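# Chains, contacts and geometry: an overview
In case you want the letters, here they are:
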Amino acid sequence: MEFAELIKTAKVENVQLSCPGLPPIKGTLCITSHHLLLSSQPGGHGEQGTVELWLLIRNVDAVEKRIASSLGTITLKCKDLKVLQLEIPGMEECLNIASSTEALSSVDSVMMMYPFFYRPQSMKLKDGWQLYPLQHYYQQIASETSAWRLSCVNGDFTICSSYPLAVIVPATVDDNVLKKAARFRQGGRFPVLSYYHKKNGTVMLRSSQPLIGPNRKRCQEDELLLSAVLDGGERGFIIDTRSAQAAKQARVMGGGTEPKSSYPRWKRLHRPLERGRPLQESFIKLVEACNDTSLSMDRWLSKLESSKWLAHVKGALSTACLAAQCMEREEACILVHGAEGTDTTLLVTALAQVILDPDCRTLTGFQGLLEREWIEAGHPFHFRCAHSAYSHARLKQEAPIFLLFLDCVWQLGHQFPFSLQFNEHLLLVLFEHTYASCYGTFLCNSEKERCLCEVKEKTHSLWSWLNQPSELKKHLNPLYTYNALVIWPSVEPQSLQLWQGLFLRWIRSSQYLDEAWAEIQRLVTNCEDAPEESAGRTLCHSQPDAAYPLTITGTANEG
Amino acid sequence: MFFFPFLQVEQVKLIDRFSTSNKSLMGTLYLTATHLLFIDSSQKETWILHHHIAAVEKLALTTSGCPLVIQCKNFRVVHFIVPRERDCHDIYNSLLQLSKPASYDELYAFSYNPKQNESKRLQGWQLIDLAEEYKRMGVPNSNWQLSDANRDYEICDSYPRELYVPRTASKPVIVGSSKFRSKGRFPVLSYYHRDKEAAICRCSQPLSGFSARCLEDENMLHAISIANPAHHYMYVMDTRPKLNAMANRAAGKGYENEDNYANIRFQFVGIENIHVMRSSLQKLLEVSGTKALSVNSFLSGLENSGWLRHIKAVLDAAIFLAKAVAVENATVLVHCSDGWDRTSQVCSLGSLLLDAHYRTIRGFMVLIEKDWISFGHKFSDRCGQLDGDPKEISPVFTQFLEGVWHLTEQFPQAFEYNEAFLLQIHEHVHSCQFGNFLGNCQKEREELKLKEKTYSFWPFLLDEQKKYLNPLYNQDFSQKLVLLEPNTASFNFKFWRNMYHQFDRTMHPRQSVFNLIMTMSEQNKQLEKDFKELEGVGVGGRMSLERCLFKIWLGFVRTRIDPTGDGSAYHRPQHAHSVTTTRRFLCSPLNWYLASLL
């Protein structure tokens, strides 16, 4: 396929771009294989030749067009939730731009995506890719205990296609046992170590559901693997992220959950968490409610309620707290799983680590956590983030599980404003980059796919960009101090808040809040210069090179 | 004379209403003449002023004892379990009596004695001077003058003595107009905008019925209208829902007929009455007080209570008012039924949007003194200070404070004061510890001789003002804005957790940016001071400057370290409880007694 085939009109003059809250800009619109560009022209508000918009087409979630006589209006609804309007003179041009944008934004082949073409001069390929391997995490554990080993049983991805090459397992269990246990777990996701709690040596494992099936099958190796985790008379907890009934019903389809009789030392706890389509619908409903600024108070509250988003936040945080409590207070080992073990399971294990482990609350630690618990652990980003809240496309496997995780982390940061080393801006950047990015970090569904596509060889890593000193500065929380304690959040509905910085980012002006935040930064760093922009409104998504002044801000376009 | 606790019950359990663990505190409960006191086994004291008690409820007997639930006007809810039913019954009966005094002289303000000398006490009452405030606004001037029509409360006993009216309004016009207005509350000046020469005036509803007219009232409005030289029309804002205003016509009251008044633009804004507000808050508290509340029941409860809808309505009205003045340069006359509830809310919030002075600590005190206290908001009735008609109780003032809080959330740099300041004012509006908020109007306050017998709240608040400063306040920013224009899209309105759950510590953020910033901004100020001093010392001072920086850095690091060490460490703006508690402790004779035992 050639991109050129999809582009019928490459350039249109006199296009007006508008975005809520900003003055409209007139300019020349260009469409390239991966970007929509608009450079302003004289007579418009911006300076001549300034690139005012640099939009990654992958970021477009929905294209809506309206034609009135010779003027066409295209509304671009983006995956990062912003909404842009282009007024294009000429019906044909308008239709062409719309259909090209639609076609280019829905290219499904990973290898055709922008990260494979993006070659910034300031960065080297390979940088950032080897920063956080699981091996590194294993060395930390190995320095504390010899009870765990790194197994390469999945070295060629044949045991489990969604696991990475190496996994951490009990030292006493050999690879043959793992191979057999893997056959007893959906997708081959046998129990592996997710987190080692240094304070008391307890561990958190994760897996997928056991394939008990209607005939109540057992697997000795799986039982052996789990009991190898527990010392002597210890007992452990299994946190199943489905309801007891759903877990039982899963037996019909060959799944199920660990029966007490076969796993006598494990106590099962069921904490149903929503995933899949209901979660995606919750996201869509919330975004819809936020975008309607004319809603009466009653309608707003009832829409906020019926979206159920905050209920999902509460559910995720409570379950993560339960997991953390089992380890910290009960001093017990735990196993977390749902069905596939790639969604709610990771949500719980990753969140519990942020709550428990101060190392996960640093910028590097958090990146490592994402790398281990989301990317390497096989969260299917490509499926889950194919579309965001605006798409009219038929939903397949989309679900904002990772966004829910980010929201929960934001709630933690909100309740413990000094305990996270990174700020809201980082969470916003991560949200954007999971849906559309010029970096390869969140491409594909698993390590296996990333290997096949040679992602690590042919794309740049998001981390190497984020960790450049100039970028890093924007993502640091100036109030941070190391807090060795567990951060137990309040999960009362009165304590949870709508993440306005994300859901209302493009809807309401945050000028006064941004200024206040700048003032806080000034007070903290005690320097005279006002700090650089905060998580404001820039229309240019992940600009490729620093050569262009690409940002649109409210002030830049005045006068 | 000493007041010993007349009731003392041992082995009482205090239960945290939201805690998920069933942990409770065992301790001793005392009743004094003014407070309920609970001292737990770790000697931590919980003081509850009898006046703060809104309701006491005895629940069905359980195996561990008799549960007693006390709900306070400052939204504290305490849940005791008293081992013997008989004791519980005694406490219950005593509290019922103590929390509902029959006459003003039983209120705490008359026995509260902070051991301050008399001249200081009197000075305290002079701290806020409304004549000064009108002068600041620019009245009297060529269009507005002080009227002596109500000097002896002869035409309106719920208004203050000093009232500002248009110069062209003659005495007969004033008297005639007051006879045509509910409770005699004729149109008077509430706020004068010096730059725009436009005014905010307030009154009660006209006694227009279906067709009645009053020439003097029409002249009065005309006089107000022409007192704004630039303008040929004025707004009349009826803050009630249209239906309510129409219903009032049947009772011989109602609203202005646009045909009878020259050049008025009439507008309803639809704020509900005190009864709707009371039951709305009731519903809100029922929801927020539910244990193990789900997000969905919380949100639907919030919706059903209508509370945020009412707050939004009040703010929207204030914005309408402020915009009319600031954008159209128009004069606005505001009224509701009696002109002391919704009218006070809208006038004061509108002024706050228009004038940066009211966004300072002193200015806010003036604003409350002017639009609430002097214009006769019935604090005594609305707060239920005495045993009276429960239907008169309504959270009108609380709504005003919540409106201000929402503004502080949207404009974090525009206010000199912080949330703790609003909470402290709310606390003392209900405490009856100071004379300011006793009674329903100025006349009543004079009769009670409050300035002779009680203390004023404002100097105490000002003494503690360090605690109430907003470290992000930017005076230039606040003054630069001609008008605060808050966004009132529904999603901007949030449940005010720090008000309605101020005593439920598990619900609050465990670390407060605010406290940290406050400490740091103080340290920065100190640093600047030190720096200046050191500069005076000369070159030799440089070394010690470094040392001083290091000291400050150390202090800064310390403030951020979780002090309790169990992860539940909890920093929140202290609502001055510790200090007030200490003061209360030292003031009450019982406490002198207790202190002597320690």
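Residues numbered from 1 in each chain as written. Chains lettered and ligands numbered in written order. Predicted model: local features only at pLDDT ≥ 70, side-chain atom pairs only at ≥ 80, totals over all residues. Heavy atoms only, no water.

Counted only if it meets this: UniProt positions are given in the numbering used here, feature names are shortened, and annotations may be inferred rather than shown by experiment.
Looking at an unreviewed UniProt entry, chain B carries the name Myotubularin phosphatase domain-containing protein, with the source organism given as Terrapene triunguis. Reading the Sequence similarities (unreviewed entry) entry of the UniProt record for chain B gives the comment "Belongs to the protein-tyrosine phosphatase family. Non-receptor class myotubularin subfamily."

Chain A has the name Myotubularin-related protein 9-like in an unreviewed UniProt entry, where Terrapene triunguis is given as its organism.

### Digging into the overall build of chain B
Our working definition: Strands here are runs of E lasting at least two residues and helices are runs of H or I lasting at least four, both read from the DSSP assignment and numbered beginning at the N terminus. Three exposure classes are used, based on accessible area relative to the maximum for each residue type with a 1.4 Å probe and protein chains only: buried under 20%, partly exposed in between, and exposed over 50%. Two residues qualify as a contact provided that any one of their heavy atoms is within 4.5 Å of a heavy atom in the partner residue. The Shrake-Rupley method, run with a 1.4 Å probe, gives the accessible areas here. Residue values count only the displayed protein chains as cover.
In terms of helices and strands, chain B carries 23 helices and 14 strands. Looking at chain B residue by residue over its 598 residues, the buried ones come to 60%. Taking as baseline every contact in chain B between residues at least 6 positions apart, the subset at least 24 positions apart corresponds to 72%. A total accessible area of about 24,300 Å² is found for chain B, and carbon and sulfur atoms account for 53% of it.

### Points about the environment of Arg384(A)
All names here are of chain A. In this fold, arginine 384 is placed in helix α12 (residues 381-384). Judged by its relative accessible area of 8%, arginine 384 falls in the buried class. When the C-alpha positions of arginine 384 and proline 400 are compared, they lie 6.6 Å apart, and in sequence the two are 16 residues distant. When residues no more than four places from it in sequence are discounted, the contact partners of arginine 384 are Thr342, Asp343, His379, Gln397, Glu398, Ala399 and Tyr435.

### Focus: the domain arrangement of chain A
Residue and element names in this part refer to chain A. The following threshold applies: What marks off one domain from the next here is an automatic or database domain assignment. Once two parts are put together, the accessible area they lose, assessed with a 1.4 Å probe and summed over both, is termed the buried area. In the analysis that follows, any N or O atom pair within 3.5 Å is treated as a polar contact, provided that within protein one partner can donate a hydrogen and the other can accept it, and provided that, for residues neighboring in sequence, both atoms belong to side chains.
Taken domain by domain, chain A consists of domain 1 (4-107) and domain 2 (134-513). Measuring from the centre of the C-alpha atoms in domain 1 to the corresponding centre in domain 2 gives 37 Å. Facing the 14 residues of domain 1 at the interface are 18 residues of domain 2. Carbon and sulfur atoms supply 64% of the area that domain 1 and domain 2 bury against each other, a total of about 1,400 Å² over both sides. The three residues of domain 1 that bury the most area against domain 2 are Asp61, Lys79 and Leu81, which together make up 45% of that side's buried surface. Our count for the domain 1 to domain 2 interface comes out at 10 residue pairs in polar contact (both at pLDDT 80 or more).

### Observations concerning the interface of chain B and chain A
Under the convention used in this document: For salt bridges, the criterion is a side-chain nitrogen of Lys or Arg within 4 Å of an Asp or Glu carboxyl oxygen.
Each partner contributes to the interface: chain B provides 52 residues, whereas chain A provides 50 residues. Taking both sides of the interface into account, the surface hidden between chain B and chain A amounts to around 4,400 Å²; carbon and sulfur atoms contribute 63%. Counting across the interface, chain B meets chain A through 1 salt bridge. Linking chain B with chain A are 9 residue pairs in polar contact (both at pLDDT 80 or more), by the criterion used here. If you list the elements that add at least two residues to the side of chain B that touches chain A, you get α8 (295-305), α9 (307-326), α13 (396-410), α20 (513-537) and α21 (542-560) of chain B.

### Here's the deal with α13(B)
Quick note on the threshold: How far a helix is expected to stretch is found by multiplying one less than its residue total by 1.5 Å.
The end-to-end C-alpha separation of α13(B) is 22 Å, in line with the 21 Å expected for 15 residues at 1.5 Å each. Where burial is concerned, most of α13(B) is hidden: 14 out of the 15 residues are buried.

### Let's talk about the sheet that holds strand β2 (residues 24-31) of chain B
Residues and elements named next belong to chain B. Selection criterion: In short, DSSP must find at least two bridges between two strands for them to pair. As a rule, the C-alpha atoms of each element are fitted with a line to give its axis, helices using only the stretch in contact, and angles between N-to-C directions run from 0 to 180 degrees.
Judged by pairing direction, the sheet is antiparallel, and its 7 strands sit side by side in the order β4-β3-β2-β1-β7-β6-β5 without closing on themselves. Two strands in the sheet have a free side with no partner beyond their single neighbour: β4 (45-49) and β5 (53-58). Averaged over neighbouring strand pairs, the angle between their axes works out to 30° when direction is ignored. With 5 bridges joining them, β2 and strand β3 (residues 35-40) adopt antiparallel strand pairing.

### Some details on the domain arrangement of chain B
All names here are of chain B. According to the domain assignment, chain B consists of domain 1 (7-100) and domain 2 (121-513). Using C-alpha coordinates to define each centre, domain 1 is positioned 36 Å away from domain 2. Each side of the interface is counted separately: domain 1 has 13 residues, and domain 2 has 24 residues. Between domain 1 and domain 2, a total of about 1,700 Å² is buried, with carbon and sulfur atoms accounting for 57% of that surface. Across the domain 1-domain 2 interface, the total number found is 0 salt bridges.

### Remarks on the pattern of salt bridges
All names here are of chain B. Across all of its chains, the model carries 43 salt bridges over all chains by this definition. Across the pair arginine 202 and aspartate 371 runs a salt bridge, and its minimum N-O distance is 3.0 Å. Here arginine 202 is found in strand β11 (residues 198-203), whereas its partner aspartate 371 is found in helix α11 (residues 361-374), with 169 residues between them in sequence. For aspartate 371, a relative accessible area of 0% corresponds to the buried category. The salt bridge involving lysine 467 is made with glutamate 464; its shortest N-O contact spans 3.9 Å. We classify glutamate 464 as buried; its relative accessible area is 11%. Look at the salt bridges and you will find they share partners, linking Asp341, Lys378, Asp381, Arg382 and Glu392 into a network.

### What to know about the confidence of the model for chain A
This is how the line gets drawn: One confidence number per residue, pLDDT, is output by the predictor and ranges from 0 to 100.
Of the residues in chain A, 92% reach a pLDDT of 70 or more, and the chain-wide mean stands at 87. Contacts for the low-pLDDT stretch residues 527-559 of chain A, under 50 throughout, to residues beyond four places or in other chains number 82 contacts.

### Details of the packing of aromatic side chains
Using the following cut-off: Between rings of Phe, Tyr and Trp, where Trp is taken as its six-membered ring, a pair exists when centres lie within 6.5 Å; planes separated by under 30 degrees are stacked, by over 60 edge-to-face, and by other angles tilted. Here, a charge over a ring is recorded when the distance from Lys NZ or Arg CZ to the ring centre is within 6 Å and its angle to the ring normal is within 35 degrees.
Scanning the model with the defined rule gives 57 aromatic pairs over all chains in all. Centre to centre, the rings of Phe366(A) and Phe422(A) are 4.3 Å apart; their planes meet at 25°, and the pair counts as stacked. Here Phe422(A) lies in the loop between α13 (401-415) and α14 (424-435) and Phe366(A) lies in helix α11 (residues 363-376), a separation of 56 residues in the sequence. Ring geometry for Tyr159(B) versus Phe186(B): centroids 5.7 Å apart, planes at 75°, classification edge-to-face. Remark: Phe186(B) occurs in the loop between α4 (171-179) and β10 (188-193) and Tyr159(B) occurs in the loop between β8 (144-147) and β9 (163-166); sequence separation between them is 27 residues. No difference in accessibility class separates Tyr159(B) from Phe186(B), as the two residues are buried. Here the guanidinium or amino end of Lys82(A) rests over the ring plane of Trp506(A), the centre of that ring lying 4.9 Å away. Here Arg136(B) stacks its cationic end above the ring of Tyr358(B), 5.4 Å away from the centre of that ring.

### Quick look at a nonpolar patch on the surface
Where we set the bar: The residues that make up patches have over 30% relative accessible area and no salt bridge, and they are joined within 9 Å when like-charged or within 5 Å when they are Val, Leu, Ile, Met, Phe, Trp or Tyr.
A cluster of nonpolar side chains, Ile67(A), Met91(A) and Leu95(A), forms an exposed patch at the surface whose accessible area comes to about 230 Å². By the element assignment, Ile67(A) lies in strand β5 (residues 60-68).

### With respect to the pairing of strand β6 (residues 71-78) of chain A
All names here are of chain A. Judged by how many residues are buried, β6 sits mostly within the fold: 7 of 8 residues are covered. Two strands pair when backbone bridges link them, and β5 and β6 are joined in this way by 8 bridges, in the antiparallel orientation. Residue alanine 62 lies in a different strand from β6, and its bridge partner there is lysine 77. Linking two consecutive strands that pair antiparallel, namely β5 and β6, is a turn of 2 residues; a positive phi of about 45° is found at serine 69 within it. Where β6 lies against strand β7 (residues 83-89), 7 bridges are found, and the strand directions are antiparallel. What sits directly across from threonine 73, in β7, is glutamate 87. The turn linking β6 back onto β7 is made up of 4 residues, and leucine 81 within it adopts a positive phi angle of 85°.

### Comments concerning the UniProt feature "domain: Myotubularin phosphatase" (unreviewed entry) in chain B
Under the feature "domain: Myotubularin phosphatase" (unreviewed entry), the UniProt entry names residues 124-500 of chain B. Between the end C-alpha atoms of residues 124-500 of chain B there is a gap of 31 Å, over a span that is 46% helix and 9% strand.

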